[in-house]
Amino acid sequence: PEGFEGDGRAMRPPTFRSDAVLSCPGCFSIVCLDCQRHHKHEHQYRAVFAQNCVVVREESMLVDGEVLHPVRCEHCKAEIAVMDSDEVFHFYDVIPSNG
């Protein structure tokens, strides 16, 4: 625009390269917009960012020597994922929307 410097990239909407948009199976709230599909387990996804989720840090489980915390939907409390020690979400009970 006139009077501004630059090529206008800051004004463009972000582009997502997500494998899917994930929703809670209990209430259909969107829980993740940017995720990567697991290469072996096609119904599992991992992500660094999530929304409408609560990490239950008071609860934990040990799987293959790694501490995992359950992640629940903020609205209906369905358990939809776990968070690992690197704070990566591993979604396993979600509805993917591929397009």
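Residues numbered from 1 in each chain as written. Predicted model: local features only at pLDDT ≥ 70, side-chain atom pairs only at ≥ 80, totals over all residues. Heavy atoms only, no water.

Undergrad: Go over the state of the cysteines, please, and point to the residues and values.
TA: Scanning the model with the defined rule gives zero disulfides in all. For the unlinked cysteine Cys-24, the closest cysteine sulfur is that of Cys-76, found at 3.5 Å. (Disulfide = S-S within 2.5 Å.)

Undergrad: How would you sum up the nonpolar core? Please name residues and give values.
TA: Among the nonpolar cores identified, the biggest contains 17 residues, and Leu-22, Val-31, Cys-35, Tyr-45, Ile-80, Phe-91 and Val-94 are the most heavily contacted of them. Of all the elements, strand β8 (residues 79–83) adds the most residues to this core, at three residues. Apart from residues lying up to four places away in sequence, Val-31 is in contact with Leu-22, Ser-23, Cys-24, Ala-50, Gln-51, Asn-52, Cys-53, Ile-80, Phe-91 and Val-94. (Core = buried A, V, L, I, M, F, W, Y, C linked by side-chain atoms within 4.5 Å. Buried < 20%, exposed > 50% of the residue type's maximum accessible area, 1.4 Å probe, protein only. Helix = DSSP H or I, 4+ residues; strand = E, 2+ residues; numbered from the N terminus. Contact = heavy atoms within 4.5 Å.)

Undergrad: Tell me about the packing of aromatic side chains, and name the residues and values.
TA: Under the counting rule described, the total for this entry stands at one aromatic pair. Geometrically, the ring pair formed by Phe-89 and Phe-91 is stacked, given 5.9 Å between the ring centres and 20° between the ring planes. A single burial state applies to Phe-89 and to Phe-91, both of which are buried. (Phe/Tyr/Trp six-rings, centres within 6.5 Å; stacked < 30°, edge-to-face > 60°.)

Undergrad: How would you sum up the pairing of β8? Please name residues and give values.
TA: With respect to burial, β8 is a largely interior element, four of its five residues being buried. Strand direction decides the pairing type here: strand β7 (residues 66–73) and β8, joined by four bridges, are antiparallel. Paired with His-69 across the two strands is Met-83, which belongs to β8. Counted along the chain from β7 to the antiparallel partner β8, the turn is five residues long, and its residue Lys-77 has a positive phi close to 70°. Across three bridges, β8 lies against strand β9 (residues 89–91) in antiparallel orientation. Bridging from a neighbouring strand, Ala-81 pairs with Phe-91 of β9. Count of turn residues in the β8/β9 antiparallel hairpin: five residues, of which Glu-87 carries a positive phi of about 60°. (Pairing = 2+ DSSP bridges.)

Undergrad: Tell me about the sheet that holds strand β1 (residues 21–23), and name the residues and values.
TA: What the three strands build is an open sheet, ordered β2-β1-β10; its pairing is antiparallel. The open sheet has two edge strands with one neighbour each: β2 (30–32) and β10 (95–97). Geometrically, the sheet is characterised by an average inter-axis angle of 40° between neighbouring strands, direction not taken into account. Where β1 meets β2, two bridges bridge the pair, whose relative direction is antiparallel. For Ser-23, the partnering residue across the bridge sits in β2 and is Ile-30. (Axes fitted to C-alpha atoms, helices over the stretch in contact; angles between N-to-C directions.)

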